[in-house]
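Fold and geometry: a report
Below, each chain spelled out in residue letters.
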Amino acid sequence: MTGVQTCALPIYEFWVNVEGNPIFLPDSSGFLWTSERTGHRHLYSFGMNGGKPRQLTQGEFEVSSISCVDPASGRVFYVTSQPTPLDRRLETINYRDPADTPRVVTEKKGSHRISMGPACNYYLDNHSDVSTPPETTLHSSDGKQIAVYRPMDRTSIENYDLRPVELVSFDGPGQGQSRTRFYGTLIKPAGFDPSKKYPVMVNVYGGPHAQDVLNSWDGMNLDQVYAQNGYVVWQMDNRGTQGRGHEFETPVFHKLGEIEMADQRAGIEYLLSLGFVDRNRIGVRGWSYGGFMTAELLLRASDMFRAGFAGAPVTNWRNYDTIYTER
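Attention here is on the structure that accompanies the text. Predicted model only: the values in this text are computed from it and were never measured. (Residues numbered from 1 in each chain as written. Predicted model: local features only at pLDDT ≥ 70, side-chain atom pairs only at ≥ 80, totals over all residues. Heavy atoms only, no water.)

With that out of the way, let us pick up the sheet that holds strand β16 (residues 232-236). Paired through backbone hydrogen bonds, the strands of a sheet run either parallel or antiparallel to each other. Spatially, β13-β14-β16-β15-β17-β18 is the arrangement adopted by the six strands of the open sheet, whose pairing is mixed. Looking at strand neighbours, the two that pair on one side only are β13 (165-173) and β18 (307-311), the edges of this open sheet. Across the sheet, the mean angle separating the axes of adjacent strands is 25° when strand polarity is ignored. For strand β15 (residues 198-203) and β16, the ladder comprises four bridges, and the chain directions are parallel. In the sheet register, Val202 faces β16, and the bridge partner there is Trp234. Taken strand by strand, helix α4 (residues 258-273) contacts β13, β14 (179-187), β15, β16 and β17 (277-287), and its axis lies near 120° from that of β13. (Pairing = 2+ DSSP bridges. Helix = DSSP H or I, 4+ residues; strand = E, 2+ residues; numbered from the N terminus. Axes fitted to C-alpha atoms, helices over the stretch in contact; angles between N-to-C directions. Contact = heavy atoms within 4.5 Å.)

Between Gln82 and the following residue, Pro83, the backbone shows a cis peptide bond with an omega angle of 5°. Mapped onto the elements, Pro83 comes out in the loop between β6 (75-80) and β7 (89-94). Positioned with a positive phi, Cys120 is a non-glycine residue whose angle comes to about 65°. Assessed through its relative accessible area of 2%, Cys120 is described here as buried. Even without being a glycine, Ala312 presents a positive backbone phi close to 45°. Mapped onto the elements, Ala312 comes out in the loop between β18 and α6 (322-325). Accessibility expressed as a relative area gives 45% for Ala312, which makes it partly exposed. (Buried < 20%, exposed > 50% of the residue type's maximum accessible area, 1.4 Å probe, protein only.)

Turning to the nonpolar core, a few remarks are in order. Grouped together as the largest cluster of nonpolar side chains are 37 residues, with contacts concentrated most on Val200, Val202, Trp234, Ile268 and Phe305. The leading source of residues in this core is α4, at seven residues. Leu32, Val63, Tyr78 and Ile93 belong to the second-largest nonpolar core, a separate cluster that totals 11 residues. (Core = buried A, V, L, I, M, F, W, Y, C linked by side-chain atoms within 4.5 Å.)

Under the counting rule described, the total for this entry stands at 19 aromatic pairs. On the numbers, 4.9 Å between centres and 15° between planes, the contact of Phe170 with Tyr270 is stacked. Placement of Phe170 in strand β13 and of Tyr270 in helix α4 is noted, with a sequence separation of 100 residues between them. Looking at Phe170, the relative accessible area reads 6%, which means it is buried. Of the aromatic side chains, those joined through ring pairs into one cluster are Phe24, Phe31, Trp33, Tyr44 and Phe46. (Phe/Tyr/Trp six-rings, centres within 6.5 Å; stacked < 30°, edge-to-face > 60°.)

Let us now look at the pairing of strand β5 (residues 63-70). Bridge count for β5 against β6 is six bridges, and the pairing is antiparallel. Bridge pairing in β6 links Val69 to Val76. Connecting β5 to the next strand, β6, in antiparallel fashion are four residues, including Gly74 with a positive phi near 80°.

Right, let's get into the environment of Thr34. Note that Thr34 resides in strand β2 (residues 30-35). Thr34 sits in the buried class, given a relative accessible area of 12%. In this structure, Thr34 is in contact with Glu19, Arg41, His42, Leu43, Val63 and Ile66, ignoring residues within four places of it in sequence.

Moving on to the pattern of salt bridges. Scanning all chains against the criterion turns up 12 salt bridges. Here Asp171 ties to Arg181 by a salt bridge, and the two come within 2.8 Å at their closest N and O atoms. One end of the pair, Asp171, is in strand β13; the other, Arg181, is in strand β14, and 10 residues separate them in sequence. Judged by relative accessible area, which is 38%, Arg181 ranks as partly exposed. (Salt bridge = Lys/Arg side-chain N within 4 Å of Asp/Glu carboxyl O.)

With that settled, the discussion passes to the environment of Ser140. Mapped onto the elements, Ser140 comes out in strand β11 (residues 132-140). In this structure Ser140 comes out as buried when scored by relative accessible area, which is 15%. Sequence-distant contacts of Ser140, that is, excluding residues within four places in its chain, are made with Asn121, Tyr122, Tyr123 and Ile146. Of note is the side chain of Ser140, whose polar atom sits 2.4 Å from the side chain of Asp142. (Polar contact = N/O pair within 3.5 Å; in protein donor to acceptor, adjacent residues only side chain to side chain.)

With antiparallel pairing, four strands are arranged side by side in an open sheet as β9-β10-β11-β12. Every interior strand has two partners, whereas the edge strands, β9 (111-116) and β12 (145-150), have only one. With strand direction ignored, the average angle separating the axes of adjacent strands in the sheet is 25°. Note: β9 against strand β10 (residues 122-129), six bridges, orientation antiparallel. Paired with Arg113 across the strands is Asn126, a residue of β10.

The structure is reproduced here in structure tokens:
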């Protein structure tokens, strides 16, 4: 949905992202909902009289979802992108008490996918990180583990030479003279020798409402096939993708392809600086918006990319999905 968002900072007057539905409290006193009015999606308590909402969470992170609301205790449980934008964890706060502060429920770093019971007493936690396969465990609302619901499957780790996925960060283009911190994943090939030069396969999506670089388990996939066949495999999230706040998304407004391409080029320059990449053998592949980005990079950055595969690319914005096209 497009429009102007009421905000103290005019930089956010591009479009409005609406995530989830308002959760109305049973005593009819108001409702809980999230908003990006500060530049990052946070949790707010709204009254029914139309007054100013009270902000429950704040900081340079995102509240990605509300897991459960417990009217009996006044607590709301929600998932945030902390301690880094690549992680997801469960937190809770008392929405009735203005003096209360958020409490972390899931302590492990990585990605926690939460399924909470309707009474907020228990939750299932599907947890993984880049080096640990997922395990689903049952917990009480205070975070204490009660049982293992679905044990970790280590078959792929024990039977195959899966190459480690490294989470990396680097500084690249930003607004004006500023610089932006970017995150990427790097997989080095089997038998890696830092003194040699390797070809690169770049995975790209780069479009709205997606975050590909996360501290979560990918397991056996096509990236591992490339790595086993001597390729360095690289992926990064450019500006315009989600998970980093509205300010990270909006530079692409009316510039689809331009900003993303500049960021992807910065990612390749970072790779080249590591010393083990063959600049004459860099390929790129992507699907949907990633197909569009692949075509853009092949046509407008041919000095950097030598080959590519554009799957189901967007080649004309006319008559396409409005959530992309209106940007």
